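# Per-entry structural report
Residue-level listing of the chains:
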Amino acid sequence: MSAPIRVEVDGLGKDFVGPDGRFTAVRDQTFAIDGGTRIGLIGESGSGKSTLARMIAGLATPTRGTVHVDGRDVHRLLATRAGRTEHWRAVQMVAQDTTSSFDPRRTLRDAVATPAVRLCGLTTVEANRRVDETLAFLSLPAALADRRPSDLSGGQRQRFALARALVVRPRLLVCDEVVSALDVSVQGTILNLLKNYSLEFGAAMLFVSHGLPATAFVSTSLMVMRAGAVVESGPVESVVTAPAHPYTRQLIAAYRGTPMAVAS
Amino acid sequence: MRQNVLGPRAVPETAAPSPDQVDGSVLAVEGLRVRYPGASAEAISDISTVLAAGDRVALVGESGSGKSTTGLAVGGLLPRDAEVTADRFAIDGRPQPLMAPGVLPRRRPDVSMVFQDAMTCLDPVSTIGTQLRTVLRDATGASRAEAKVRAAEWLRRVGLDDTVRVLGSRPYELSGGMRQRVMIAIALCSRPRLVIADEPTSALDASLARQAMGLLTDLVRESGAAMLMISHDIDLCAEFTDRVLVMYAGRIVEEVASERLHTAAAHPYTRGLLASVPTLAGAGAEWLSAIPAPTGESGGCDFRARCRYATDRCAELPPLEAGVRCWHTADVLAAPGAAAPAVPPPSLREISLEEVPA
Ligand SMILES: Nc1ncnc2c1ncn2[C@@H]1O[C@H](COP(=O)(O)OP(=O)(O)OP(=O)(O)O)[C@@H](O)[C@H]1O
Ligand SMILES: Nc1ncnc2c1ncn2[C@@H]1O[C@H](COP(=O)(O)OP(=O)(O)O)[C@@H](O)[C@H]1O
Ligand code: SF4
Ligand SMILES: [Mg+2]
Ligand SMILES: [Mg+2]
């Protein structure tokens, strides 16, 4: 098992320029993610979850503040080629919208194998074996890998996006709404797999989702975002049973209103 | 009358009042089938249902089961080369052409659709304000000034209070959830008779999804319109509808009253769906239950290869009887938990170890 990761988020903030001027999508946030913890980031639409997650993953540039992975400034690391390799080998993100995240001209095997070669330094033969292992883990028939991204269903493409991230065996996996677009019948399978990956590899996770029950199942702790700021955080158990912020209470009440599924 | 329409066809503009108009049905379909070009099987087979004014019906099922195809067929938006047939197809009691005449599919004027993928349905280059005002003016004949006021009102109704910023934004400048709410506003502001919502709230958090669903259902009730709600969120659907239709492999396999979903559902697939929904109560569970992955064709009952109750009898397609398409409902009701047990997932480490050659 590789060394557990330590991620420090310090005063991290982002502004966008909109039609009526500058507005703050993420207010300066400070927290840490340690190896093996799975943080569930929940919050209403537009609260800044994806923006925060993208900055932590190194996919968006912060307006203010820093992210350190194992003591090194991510956004400085990303300025060099060697630094990028080092960073993407440790941190992988699966984004909300997978339609645009694959090159339409390349096969999926190619897309999944590339990070294994470039980031992990595997030979083509080794990388292909790693791809097959990862596809088997995600219950993806290997034959699908020879297709192009447009020839798959949304759910299959979503699983290939997960495969492309897991193929490098990241120590931090950032997932942005990875199951929201999937069928209930596959959601459970994927959530089980993600949790198991983190348990087996001691990997940390940042799991962004608006689905509270799914997030609570996967995560060890929850962070609740509202209007660009984390308004509540703590172990899943305590946030769910004793929510402190009115928004969290409202969210949990919305789920309590749902008839519970039959226990099996 | 069997309509079999592949191209333009004439339909009497003023059909005589049918029994549907008398009993007030908004949508009546019988034996609706769709086959896409080159496909070996029908995408949907033998779909029948009647929606009265004010009815709210949910259509649930997994990806590829034919939910969207059903919605598109009813909305008149199937690709031109799809082959559509039905024994009966009427909106507001008037028989409808199965495909609108013309080169491009055109939406039926009385039917509004809300789609799951807001990014591709909104015009990427014009502002939300322009798009909303255009629909308001075209559909309701509102003046420029009225449309401006009502556009802001509609945004507030779907929970977008920052109206100035949203009206001036282009779709990519909004979050996924905000775009989805804009779509709902655009679809509802034209005051349709039937609203078909295809995964309208999948991008919203739970409390906003509930608000949006509450809004949809309130508007439906106000206007006497009917609603066909397509979603994979079976519990959310059930909460806001009167009836749930469960689809599997292009067929309706179960029809059940929404309030009795958890107690009365008797099809193994419906049971499996219900058990695999994560719940807050089950947040501490080690693993979630899951329906086994699909394994290709099996013949007979389409669910056979994944079904834990299957017997030899299931080699024959069961009929939809008393709302369920299954030979063994008694066994299911006796042991509903068997539909989707919680089993530990595979181990990536073990997969990797096994396959590394010596
Ligand atoms: N590229 C951009 N340009 C301008 N504004 C943006 C951009 N990306 C995001 N925003 C704005 O930043 C805010 C936060 O958006 P973000 O995508 O982080 O929300 P979210 O919490 O992930 O929402 P959802 O649950 O809907 O995905 C929103 O107000 C959004 O409109
Ligand atoms: N435009 C199309 N051309 C060919 N096949 C299609 C098209 N749209 C859907 N299908 C096929 O029809 C079946 C039903 O799909 P769909 O109605 O989209 O299901 P759902 O909405 O339940 O996920 C699937 O097998 C799908 O691959
Ligand atoms: S008919 Fe047989 S295979 Fe089909 S759902 Fe019922 S028990 Fe299962
Ligand atoms: Mg987001
Ligand atoms: Mg669909």
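Whatever comes next refers back to the structure up there.
To start, this report covers the structure provided alongside it.

### Describing the overall build of chain A
Per the secondary structure count, chain A includes 10 helices and 10 strands. In terms of overall size, chain A behaves like a compact globule, its C-alpha atoms giving a radius of gyration of 18 Å where 264 residues would be expected to give roughly 18 Å. In terms of overall dimensions, chain A has C-alpha extents of about 55 × 50 × 40 Å along its principal axes. Expressed as a percentage of the 264 residues in chain A, the buried residues total 58%. Put simply, of all contacts in chain A between residues at least 6 apart along the chain, 65% involve residues at least 24 apart. Counting every atom, chain A has about 10,200 Å² of accessible surface; 51% of that belongs to carbon and sulfur. Side chains of chain A give 30 positive and 24 negative charges; the mean places of these two sets differ by 3 Å.

### Description of the site of ligand 1
Ser45(A), Gly46(A), Lys49(A), Ser50(A) and Thr51(A) are the nearest of the 19 residues found near ligand 1. The local environment of ligand 1 is shared, drawing residues from chains A and B. Within the backbone of Glu173(B), an N or O atom sits 2.8 Å from an oxygen atom of ligand 1. In the environment of ligand 1, an oxygen atom lies 3.1 Å from a nitrogen or oxygen atom belonging to the side chain of Ser175(B). For ligand 1, whose unbound accessible area comes to 640 Å², protein coverage reaches 85%. Mapped by element, the contributors of at least two residues to the shell around ligand 1 are strand 2 (21-34) and helix 1 (49-57) of chain A together with helix 7 (176-188) of chain B.

### Quick notes on the sheet that holds strand 9 (residues 221-226) of chain A
All names here are of chain A. Here 6 strands make up an open sheet; going across it, the order is 6-7-8-3-9-10 and the pairing mixed. Edge positions in the sheet fall to strand 6 (91-94) and strand 10 (229-235), since each has one partner strand and no second. Strand-to-strand twist across the sheet, computed as the mean angle between neighbouring axes with direction ignored, equals 15°. Inspection of the sheet shows strand 9 paired to strand 10 by 6 bridges, in the antiparallel sense. In the sheet register, methionine 223 faces strand 10, and the bridge partner there is serine 233. Running at roughly 175° to strand 6, helix 6 (residues 154-166) makes contact with strand 6 and strand 7 (172-176) of the sheet. Those strands touched by helix 7 (residues 184-201) are strand 3 (38-43), strand 7 and strand 8 (204-208), and its axis lies near 155° from that of strand 8.

### A short note on the sheet that holds strand 10 (residues 226-231) of chain B
Residues and elements named next belong to chain B. The mixed open sheet is built from 6 strands, whose spatial order is 8-9-10-4-11-12. In the strand order of this sheet, the two ends are held by strand 8 (111-114) and strand 12 (251-257), each with one partner. Averaged over all pairs of adjacent strands, the angle between strand axes in this sheet comes to 20°, irrespective of strand direction. Where strand 4 (residues 56-60) and strand 10 come together, 5 bridges link them in parallel fashion. In the sheet register, valine 57 faces strand 10, and the bridge partner there is leucine 228. Set on the sheet, helix 2 (residues 67-75) makes contact with strand 4, strand 8, strand 9 (194-198), strand 10 and strand 11 (243-248); between it and strand 9 the angle comes to about 150°.

### A look at the site of ligand 3
As a matter of local geometry, ligand 3 sits amid His267(B), Pro268(B), Cys301(B), Arg304(B), Cys307(B), Tyr309(B), Ala310(B), Cys314(B), Pro318(B), Cys326(B), Trp327(B) and His328(B). Of the residues assigned to the shell around ligand 3, the class counts are 9 nonpolar, 2 polar and 1 charged.

About the cut-offs
Residues numbered from 1 in each chain as written. Chains lettered and ligands numbered in written order. Predicted model: local features only at pLDDT ≥ 70, side-chain atom pairs only at ≥ 80, totals over all residues. Heavy atoms only, no water. Helix = DSSP H or I, 4+ residues; strand = E, 2+ residues; numbered from the N terminus. Rg over C-alpha atoms; globule rule 2.2 N^0.38 Å. Buried < 20%, exposed > 50% of the residue type's maximum accessible area, 1.4 Å probe, protein only. Contact = heavy atoms within 4.5 Å. Areas by Shrake-Rupley, 256 points an atom, 1.4 Å probe, with all protein chains shown as cover. Lys, Arg positive; Asp, Glu negative; His and termini not counted. Charge placed at Lys NZ, Arg CZ, Asp CG, Glu CD. Near = heavy atom within 4 Å. Polar contact = N/O pair within 3.5 Å; in protein donor to acceptor, adjacent residues only side chain to side chain. Pairing = 2+ DSSP bridges. Axes fitted to C-alpha atoms, helices over the stretch in contact; angles between N-to-C directions. Nonpolar A, V, L, I, M, F, W, Y, C, P; charged D, E, K, R; others polar.

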